[in-house]
Each structure stands twice: as structure tokens, then as C-alpha cells.
Amino acid sequence: MQNLEYVFEDVVRIYDTDAQGIAHYAAYYRFFTNTIEKFFNEKVGIPYPNVNDELWFVMVESHAVYHKPVKLGDKLTVLLSVKLLSKKVIRFDLKILNKGDLTTEGYLVQVAINPKIWKSVEIPKEILDKLSLT
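Definitions and cut-offs
- Residues numbered from 1 in each chain as written.
- Predicted model: local features only at pLDDT ≥ 70, side-chain atom pairs only at ≥ 80, totals over all residues.
- Heavy atoms only, no water.
- Helix = DSSP H or I, 4+ residues; strand = E, 2+ residues; numbered from the N terminus.
- Rg over C-alpha atoms; globule rule 2.2 N^0.38 Å.
- Buried < 20%, exposed > 50% of the residue type's maximum accessible area, 1.4 Å probe, protein only.
- Phe/Tyr/Trp six-rings, centres within 6.5 Å; stacked < 30°, edge-to-face > 60°.
- Salt bridge = Lys/Arg side-chain N within 4 Å of Asp/Glu carboxyl O.
- Expected span 1.5 Å × (residues − 1).
- Contact = heavy atoms within 4.5 Å.
- Polar contact = N/O pair within 3.5 Å; in protein donor to acceptor, adjacent residues only side chain to side chain.

## Focus: the overall build of the protein chain
Then, number 1: When helices and strands are counted, the protein chain shows two helices and seven strands.
Then, number 2: Going from N to C terminus, the protein chain has its helices and strands arranged as β-α-β-β-β-β-β-β-α.
Then, number 3: Taking 134 residues into account, the globule formula puts the C-alpha radius of gyration at 14 Å, and the protein chain, at 15 Å, falls close to it.
Then, number 4: In terms of its C-alpha atoms, the protein chain occupies a principal-axis envelope of roughly 45 × 30 × 25 Å.
Then, number 5: A buried classification covers 44% of the 134 residues belonging to the protein chain.

## Focus: the packing of aromatic side chains
Then, number 1: Tallying each qualifying case throughout the model produces nine aromatic pairs.
Then, number 2: The structure contains a cluster of three or more aromatic residues connected by ring pairs, namely Y6, F39, F40, Y48, F57 and F92.

## Notes on the pattern of salt bridges
Then, number 1: Following the criterion strictly, the structure yields eight salt bridges and no others.
Then, number 2: For D10, the salt bridge goes to R30, with nearest N and O atoms at 3.6 Å. You can see D10 sitting in strand β1 (residues 6–11) and its partner R30 sitting in helix α1 (residues 25–44), a full 20 residues away along the chain. Here D10 and R30 have matching classes, each one buried.
Then, number 3: Of the charged contacts in the structure, one is a salt bridge between K83 and D93, with a shortest N-O distance of 3.9 Å. With K83 in strand β4 (residues 75–84) and D93 in strand β5 (residues 89–98), the pair connects residues that are 10 residues apart, well separated along the chain.
Then, number 4: Here the salt bridges do not stand alone but share partners, grouping D10, D16 and R30 into one network.

## Description of α1
Then, number 1: The end-to-end C-alpha separation of α1 is 28 Å, in line with the 28 Å expected for 20 residues at 1.5 Å each.
Then, number 2: For α1, the complete set of buried residues consists of A27, Y28, R30, F31, F32, T35, I36, F39, F40 and V44.
Then, number 3: Check the buried side of α1 and you find it contacts β1, β3 (55–66), β4, β5, β6 (101–114) and α2 (125–130).
Then, number 4: Immediately downstream of α1, the backbone of G45 shows phi near 80°, a positive value.

## With respect to the side chain of T35
Then, number 1: Along the polypeptide, T35 turns up in helix α1.
Then, number 2: A relative accessible area of 0% means that T35 is categorised as buried.
Then, number 3: Looking at T35, its side chain comes within polar contact range of the main-chain oxygen of F31, at 2.8 Å.
Then, number 4: Here T35 is in contact with Y6, F8, V78, L80 and L94, once residues within four sequence places are set aside.

## Some points on the environment of G45
Then, number 1: Secondary-structure assignment places G45 in the loop between α1 and β2 (50–52).
Then, number 2: Assessed through its relative accessible area of 55%, G45 is described here as exposed.
Then, number 3: Linking G45 and I127, residues 82 residues apart in sequence, is a C-alpha distance of 9.0 Å.

Take a look at the structure:
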């Protein structure tokens, strides 16, 4: 099941760039993660990635394809779609646009865990409901 897209605006900052002012690969994961964090805070209403003492979301897979570079000062639009892979795993599909042009696309896969035992757990129904995934 695919959720409607969530839109987040971000800016390429000096610490995102190399000596030529072009964003380095790690910066794109910051853009991805900032978008997911804002989505959880605004739309789901819970902290992210550490929800509480018994629920964390941990990264288990990431992927990005870079189509066009972004540069210092570029104002980016990041589109997020949420896909449930199982009762324990969520995939976040992301696209980064600069002035409407696709620059980067990728995904992050996260597993819900109980940090006390470091084992996967089912995502609580109330969170799934807020994610519109049930």
C-alpha cells in the first residue's frame, strides 16, 4: 500500500557540500532523514526515531540514485511516500527536486525494535493508523 506524498522543504547548507559547493552523497541522507523526522512529528504526532523506551525505528537498508547535483543554497523539495513492508518494517520512498527537476531518488527501510532486548516488534496499530497503512 502506498501513502500519499508528504512534502518537505530543505536547503543545501555549507556542511552538506564539498570544496566546489556541491552536495556530497551523505547530505542526501540528511535530506531524507530530516523529511522522515518532520513527517513523524507533524503527521504521526510522535518523536522519531526513538518513539519511547520500548519502540525505536532503526535503519536496515538505504539506497539513493543521484541524477543531478545540488549546490550550496539550493532550495529543495523532498517528497516522501510511505510503504508498509510488514507489520514490523516500513519503507520510505523519497524524491528530491530542485526547481521542479528530479535530482535524487531513493529509499530507506526501517524496522521497529524494542531497544531493551534489541529485537524487532510489531508497529503499534495506533501508529499504523496514523500512517494510513492499515
